[in-house]
Amino acid sequence: TRDDVMSVEHAGQHSLEPEVQMERDSPSLGSHPLLDELRGVLRRLKCTPQPIRDGHDHLVPFCESLEAVFRSGLKHPNSWFGLNKQDYWAWIEPLQDYYFNEKQNPLLRDVVTAVASSTKLRTLQAKGRCFLRIALCQKLLSVPIEHLAKNERLTNYWYHSGSIISSPALRELLMGLLFEVTELDFELEVDNSSFLDETWIIPVFLPRKLPPIKTLDMKVGYADRRAVIVLVEKGSLADKVCMKFPSRLYCTSPLYATGRGGGGRCSG
C-alpha cells in the first residue's frame, strides 16, 4: 500500500543518516592520520598573525608533525642489528649527489651545506630539525621531496612501500599541504640550534654586549659541553644586564672580554 511504501522510504532515510554523519566526521578518503594531523595544525597556524616566530603556541606541534611525516616509513639501511639508525637527514644531505640531468636548486644546496658544516649540530636528529626550520623560512620544504620522488629507486631505498613519501597518492596530498605552508611567513632564529639534539623547544635568543670590564662576576659551569651560567653576583654589571633573563642561562657561544667590550650569545 501507499502507507507501507512511505514507511519503508522513511525507514531507509533514517538508516542512511548515521552512515552519512560518519562519513562527514571521518578523515578524507585515501588520507593518512599523520597528514590529517599536519592539516589540523597547519589550519591553526594559518589563523594566527604572521610572521611566525619562536615561542609561537603552534610552532612546536607543527614541527613535530612535519618530522613525523618525514620519519613515517623510513628505512634504516646500513644499520647493524638496529644500531646506527638513520634519520631523514641521512637522505637529504647526499640528495644532490643523485642529480643527473636535473638542475640543482642553489638555495637548497646552500642550506644543506650550512647545516652539514655546523659545529653546533651533533646528531642526525639535530641536523634534520635545523634543516626543517631553515626550509620553513626559505619556503623550500617541498624541494627535497620533489627531487627524491624523481628517483624511484632511491625513494624505495629509503622508504617502505606505501609510506607517505613513497606512495604517489599520499605524496600528492603531502605536497598540497607543503604548498599551503609556503603561504606562511616564518622568522625563526636559525642560529639558535644548540638544543635541537634534545628538543624542538627553542630557548629565547638574546645577544648581549658588555662594556670593558675585568670580570663578569658570574659563575659558569658546563653541562654536556655547554656553558651554563649558574650564578650572577648581585649588583654586578652582569646582574643589571641579565635582570630580564631567567635564573639559568645557556651560552651558545663563548663568553669573552676584549678592550672594546665583552660579548656573548645567551639563551634563557
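Caption draft 1: Representation of the nonpolar core within the structure. In terms of nonpolar packing, the biggest core is built from 53 residues, with Phe62, Trp91, Phe131, Leu174 and Phe186 touching the most fellow members. Listing elements by their share of this core, those giving two or more residues are α2 (33-46), α3 (59-71), α4 (89-92), α5 (106-117), α6 (124-138), α7 (143-149), α8 (152-158) and α9 (168-181). Ranked by residues supplied to this core, first place goes to α6 with 7 residues. In contact with Phe186, other than residues within four places in its own chain, are Leu45, Ile52, Leu59, Phe62, Leu136, Cys137 and Val181.

Caption draft 2: Region of the structure containing the packing of aromatic side chains. Throughout the structure, instances matching the rule amount to 6 aromatic pairs. Measuring from centroid to centroid gives 6.5 Å for Phe70 and Trp91, while their planes differ by 10°, and the two rings are stacked. Taken as a pair, Phe70 in helix α3 and Trp91 in helix α4 lie far apart in primary sequence, 21 residues in all. With 6.0 Å between their ring centres and 50° between their planes, Trp89 and Phe131 make a pair best called tilted. Residue Trp89 is located in helix α4, and its partner Phe131 is located in helix α6; the two are separated by 42 residues in the primary sequence. Considered together, Trp89 and Phe131 belong to a single accessibility category, that of buried residues. Put simply, the rings of Phe70, Tyr88, Trp91 and Tyr159 touch in pairs and so form one group of aromatic residues.

Caption draft 3: Spatial organisation of unusual backbone geometry. In the segment running from Gln50 into Pro51, the intervening peptide bond is cis, with an omega of 0°. The topology assignment puts Pro51 in the loop between α2 and α3.

Caption draft 4: Summary view of α5. The first and last C-alpha atoms of α5 sit 16 Å apart over 12 residues, in line with the 16 Å expected at 1.5 Å per residue. Among all positions of α5, only Leu108, Val111, Val112 and Val115 are buried. Along the axis of α5, the buried positions cluster into a sector of 95°, meaning they face one direction only. Contacts made by the buried residues of α5 are with α4, α6 and α7. Between a side-chain oxygen at the N-terminus of α5 and the backbone nitrogen of Leu107 the separation is 3.0 Å; the capping residue is Asn105.

Caption draft 5: Region of the structure containing the environment of Ser194. Among the secondary structure elements, Ser194 is positioned in the loop between α9 and β1 (205-210). With relative accessibility at 9%, the residue Ser194 sits in the buried group. Placed 73 residues apart in sequence, Ser194 and Leu121 show a C-alpha to C-alpha distance of 6.5 Å.

Caption draft 6: Molecular detail of the side chain of Arg171. Mapped onto the secondary structure, Arg171 falls in helix α9. One buried charged residue, Arg171, forms no salt bridge at all, with the nearest opposite charge on Glu152 at 8.2 Å. The contact partners of Arg171, leaving out residues within four places of it in the chain, are Ile145, Ala149, Ile164, Ile165 and Ser166.

Caption draft 7: Summary view of α2. The terminal C-alpha atoms of α2 lie 20 Å apart, and with 14 residues this matches the ideal 20 Å at 1.5 Å per residue to within 8%. Taken residue by residue, α2 has Leu35, Leu38, Gly40, Val41, Leu42 and Leu45 as its buried positions. Its buried side turned inward, α2 meets α3 and α9.

Caption draft 8: Molecular detail of the pattern of salt bridges. Applying the stated criterion across every chain, the model contains 10 salt bridges. Each of the salt bridges in this network shares a partner with another, and the network as a whole consists of Glu67, Arg71, Asp87 and Arg129.

Caption draft 9: The confidence of the model for the protein chain, seen in detail. Predicted confidence across the protein chain gives a mean pLDDT of 78, with 68% of residues reaching 70 or more. The spread of mean pLDDT over the elements of the protein chain runs between helix α1 (residues 2-25), the lowest at 41, and α3, the highest at 97. Counting contacts from residues 5-29, a segment whose pLDDT is below 50, to residues more than four positions away or on other chains yields 3 contacts. Long-range and interchain partners of residues 246-250, a stretch whose pLDDT sits below 50, account for 18 contacts in this model, where long-range means more than four residues apart.

Reading the values: rules and limits
Residues numbered from 1 in each chain as written. Predicted model: local features only at pLDDT ≥ 70, side-chain atom pairs only at ≥ 80, totals over all residues. Heavy atoms only, no water. Core = buried A, V, L, I, M, F, W, Y, C linked by side-chain atoms within 4.5 Å. Buried < 20%, exposed > 50% of the residue type's maximum accessible area, 1.4 Å probe, protein only. Helix = DSSP H or I, 4+ residues; strand = E, 2+ residues; numbered from the N terminus. Contact = heavy atoms within 4.5 Å. Phe/Tyr/Trp six-rings, centres within 6.5 Å; stacked < 30°, edge-to-face > 60°. Expected span 1.5 Å × (residues − 1). Arc of directions from axis to C-beta. Polar contact = N/O pair within 3.5 Å; in protein donor to acceptor, adjacent residues only side chain to side chain. Lys, Arg positive; Asp, Glu negative; His and termini not counted. Salt bridge = Lys/Arg side-chain N within 4 Å of Asp/Glu carboxyl O. pLDDT = per-residue confidence, 0-100.

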